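Structural description and commentary
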Amino acid sequence: MFSIINIIATILIAGGAFFMVTGVLGLLRFPDFYTRLHATGKCDTLGEVLVIVGCMVYQGWSFITIKLFFLMFFIFLANPVGTHAIMKAAYLTGLKPWKKGEERR
Amino acid sequence: MTRSKEHNVGLMLAVFVVLYVFWLLMSACINPLNGHFSPVHIIAGIICAGIVTLLSHDLLITEEGEMTLAKTFRLIAYIPWELWQIFLANFDVAYRVLHPKMPIDPRIIEFDTTLRSDLALTTLANSITLTPGTITIDIDPGKGRFLVHAIAKKPADALLVDKTMINKVAYVYMEEA
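Residues numbered from 1 in each chain as written. Chains lettered and ligands numbered in written order. Predicted model: local features only at pLDDT ≥ 70, side-chain atom pairs only at ≥ 80, totals over all residues.

**A closer look at the domain arrangement of chain B**
This is how it is decided: The source of the domain bounds is an automatic or database domain assignment.
Each domain of chain B was delimited in the assignment, giving domain 1 (5-60) and domain 2 (68-172). Distance from the C-alpha centre of domain 1 of chain B to the C-alpha centre of domain 2 of chain B: 35 Å.

**Focus on the sheet that holds strand β4 (residues 134-140) of chain B**
Residue and element names in this part refer to chain B. Where we set the bar: A pair of strands counts as paired when DSSP detects no fewer than two bridges linking them. Where helices and strands are cited, they refer to DSSP runs of H or I of at least four residues and of E of at least two residues respectively, numbered from the N terminus. Throughout, an axis means a line fitted to C-alpha atoms (over the contacting stretch in the case of helices), and angles, computed between N-to-C directions, take values from 0 to 180 degrees.
Reading across the sheet, the three strands line up as β3-β5-β4 and stay open at both edges, with antiparallel pairing between neighbours. A single partner strand is all that each edge strand has here, and the edge strands are β3 (107-112) and β4. The mean angle between the axes of side-by-side strands here comes to 25°, regardless of whether they run parallel or antiparallel. Here β4 runs beside strand β5 (residues 145-150); their pairing, made up of six bridges, is antiparallel. The partner of T134 across the bridge, within β5, is A150.

**Here we look at the nonpolar core**
Worth spelling out the cut-off: A set of buried Ala, Val, Leu, Ile, Met, Phe, Trp, Tyr and Cys residues, joined through C-beta atoms within 7 Å, is what we mean by a nonpolar core. For the exposure call, what matters is how many other C-beta atoms sit within 10 Å of a residue's own: 20 or more marks it buried, 12 or fewer exposed, and in between partly exposed, using C-beta atoms placed from the backbone.
Counting residues in each nonpolar core, the largest one holds 26 residues, and the members touching the most others are L115, A120, L121, L124, V148 and V169 of chain B. The biggest single contributor to this core is helix α4 (residues 118-130) of chain B, with five residues. Grouped together as the second largest cluster of nonpolar side chains are 15 residues, V49 and V51 of chain A together with A94 and V97 of chain B included.

Encoded structure:
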């Protein structure tokens, strides 16, 4: 049960969960739309990737490992594009960015 | 871009084959080792790959560029550095979120680059979004101009003053000034 692989996988998945929780905290704490997007867009990338790598380590060398690797690859491509698209949409609709010292929205 | 009809059909066929082989590998519906064979997956694969080919056959394989092989090797060499930057980005954001005083000072910055090709602009835009404290808002492809939202002064200066990433991407796609 307590093999080294299990321990490594647990640490990786726990690390991923930590970053996801941090992202949610950022979503709640940050003052406006743009800064919230910083928290969610970035913490998701490493959070998800750490969970996937943890699953890869736990699974060992098999076909599923390759599938998980492709999943990771597509997350790296899709995540920044999604973040950028949401931010551009907000900017084009004329949402003013929060400046230091203003009230939080 | 106007292509001859024959060329277009050949292109669609190539895209279809790539997509379908990928589907067969991923769904594992033919396995010679245990004799597993699943017609449902094979037919579903033809339908799905066909729909995707019809919608996006002009995206996967585009016009041929120069020195594609050299650029690919340079891109592969660039990826580990980018992964390290992603790692730093997450610690940076986690620090700003968890710090009691929230050390953020958002600003919007604008700068010009020497990049012109779609692939180079996309790579830099994605890299900016993945690295510490900055997200791309908009690009002007004609001038290579980027509009970026930075969460504090330090990440903004990393783009405006150091220009490490811009130079690295320009090196990968051989589009230095």
